[in-house]
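# Coordinates in review
Letter by letter, the chains look like this.
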Protein chains: 2
Amino acid sequence: MAYNLAPLQNLIDQFERMQGIGNKTAQRMAFYVLSLSEEEANNFAKAITDAHTKIKQCKICCDLAEDELCPVCKDKSRDRSVICVVEDPRDVVAIERTHEYNGMYHVLHGAISPMDNIGPDQIRIKELIARLGDGVCEEIIMATNPTVEGEATAMYISRLLKPMGITVSRLAYGVPVGADLEYADEVTLTRAIKGRSLI
Amino acid sequence: MAYNLAPLQNLIDQFERMQGIGNKTAQRMAFYVLSLSEEEANNFAKAITDAHTKIKQCKICCDLAEDELCPVCKDKSRDRSVICVVEDPRDVVAIERTHEYNGMYHVLHGAISPMDNIGPDQIRIKELIARLGDGVCEEIIMATNPTVEGEATAMYISRLLKPMGITVSRLAYGVPVGADLEYADEVTLTRAIKGRSLI
């Protein structure tokens with residue numbers, strides 16, 4: 001005999017498929033759903049289908065968008081001479097949260113990773129090159145993750161762009177603000193020393 | 001400007017409402033939904049509404065059921081002279097997993113907790129008393145949680161049942177099998193010593 005009823009088990013399985021969600025958490029989530037009112041459960045289900053059908057990719061920067069263009073690409077007040085290249089839509093959210101950047105974005109949706117069979121054609125590099133044809137952009141800030149894959153992607157793109165006469169920069173490496181120096185790893189510390197600035 | 005698109009933010013909010021799910025996890029879950037194919041997303045949404053509409057409460061034991069009766073109450077081979085009283089449908093699953101218990105269940109859907117405004121009338125005690133009218137049941141095993149609320153509920157129910165001439169027992173307390181004695185708390189150890197048995 002199965003311990004759980006089929007519809008309940010199905011729901012648990014759905015939650016368990018998510019990364020980082022184990023069986024116990026999935027079970028707890030499924031019971032949470034059962035505890036909802038009918039209207040709340042319907043809203044929850046609708047939120048899932050809605051997010052899926054309403055959210056597309058921006059035609060210009062490949063970020064998530066409800067319309068043809070994302071809010072940043074629509075915004076006429078933003079500086080079109082700088083494009084910040086990130087791996088993931090969540091990185092755009094993180095940078096926007098600083099309120100310090102007023103340029104454009106380009107979302108690659110991944111990084112080059114031969115181990116996972118992800119080459120330059122599997123991420124949105126073609127779309128980035130196509131955007132640069134109009135000559136408006138003067139600088140590309142590579143804000144891919146500070147991992148082997150992110151580095152490789154940044155290098156690959158910078159080599160593609162150099163012949164086009166576009167400045168390519170990279171986010172600064174160093175010790176995170178508020179962190180304890182004692183716990184910084186050697187590579188980060190080495191980078192922080194190399195990249196030191198005058199005060 | 002909101003950092004996230006409305007449908008995405010709505011989905012994140014839905015996930016975040018679950019107990020134990022923080023903002024980062026909710027965000028990760030929402031992005032997981034976006035990464036699904038349309039069919040998968042629809043199946044996910046359907047699993048939520050299905051679980052909600054198809055699962056009701058068993059008319060006898062108040063456990064979750066797809067039909068009028070739950071699988072245990074339907075099963076003619078189970079021993080109707082013993083009823084195990086638990087707080088939550090998940091506890092039934094846990095006990096069933098032992099393959100050692102062949103009696104019936106009764107799910108209270110909570111425990112008496114004056115702090116949370118849950119009195120005897122808010123949990124399924126009336127339903128339990130109603131079941132006992134036929135005189136088939138001879139023993140009630142109180143398997144509520146070993147917490148203050150679980151204890152209070154067990155005590156309350158045992159006092160109600162004593163005049164009816166029904167034996168009321170309680171799950172044994174002691175050190176969990178496989179655990180390290182060193183880490184057992186004092187109350188558990190005291191109970192384990194008191195409840196010691198001859199070998």
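Structure: above.
Let me sum up the structure you'll find in this document. Note that this is a predicted model, so its numbers are computed, not measured.

Right, let's talk about the interface of chain A and chain B for a bit. Taken together, the contact pairs 51 residues of chain A with 51 residues of chain B. In this assembly, chain A packs against chain B so that about 4,900 Å² is buried in total across both faces, 74% of it on carbon and sulfur atoms. The interface formed by chain A and chain B holds zero salt bridges in total. Where chain A touches chain B, the interface holds four residue pairs in polar contact (both at pLDDT 80 or more). Elements represented by at least two residues in the side of chain A that touches chain B include exactly α1 (6-16), α2 (23-35), α3 (38-54), β2 (64-65), α4 (71-74) and α5 (89-96) of chain A. Of all the elements, α3(A) adds the most residues to the side of chain A that touches chain B, at 13 residues. Of the residues in the side of chain A that touches chain B, the class split is 29 nonpolar, 13 polar and nine charged.

Here the focus is the sheet that holds strand β3 (residues 79-86) of chain A. Residues and elements named next belong to chain A. Strand order in the open sheet formed by four strands is β4-β3-β5-β6, and the pairing between neighbours is parallel. Only two strands of the sheet have a single partner each, and these edge strands are β4 (103-107) and β6 (167-170). Each strand axis lies, on average, 25° off the axis of its neighbour in the sheet, ignoring direction. Contacts between α5 and the sheet are confined to β3 and β4, with β4 contributing the most and set at about 160° to the helix. Sitting on the sheet, helix α7 (residues 148-161) touches β3, β5 (139-142) and β6, and the angle it makes with β6 is about 165°.

Mapped onto the elements, A:Q27 comes out in helix α2. Excluding anything up to four places from it in sequence, A:Q27 contacts A:N4, A:I12, B:R90 and B:R97.

Reading the values: rules and limits
- Residues numbered from 1 in each chain as written.
- Chains lettered and ligands numbered in written order.
- Predicted model: local features only at pLDDT ≥ 70, side-chain atom pairs only at ≥ 80, totals over all residues.
- Heavy atoms only, no water.
- Contact = heavy atoms within 4.5 Å.
- Buried area = accessible area lost by both parts, 1.4 Å probe.
- Salt bridge = Lys/Arg side-chain N within 4 Å of Asp/Glu carboxyl O.
- Polar contact = N/O pair within 3.5 Å; in protein donor to acceptor, adjacent residues only side chain to side chain.
- Helix = DSSP H or I, 4+ residues; strand = E, 2+ residues; numbered from the N terminus.
- Nonpolar A, V, L, I, M, F, W, Y, C, P; charged D, E, K, R; others polar.
- Pairing = 2+ DSSP bridges.
- Axes fitted to C-alpha atoms, helices over the stretch in contact; angles between N-to-C directions.

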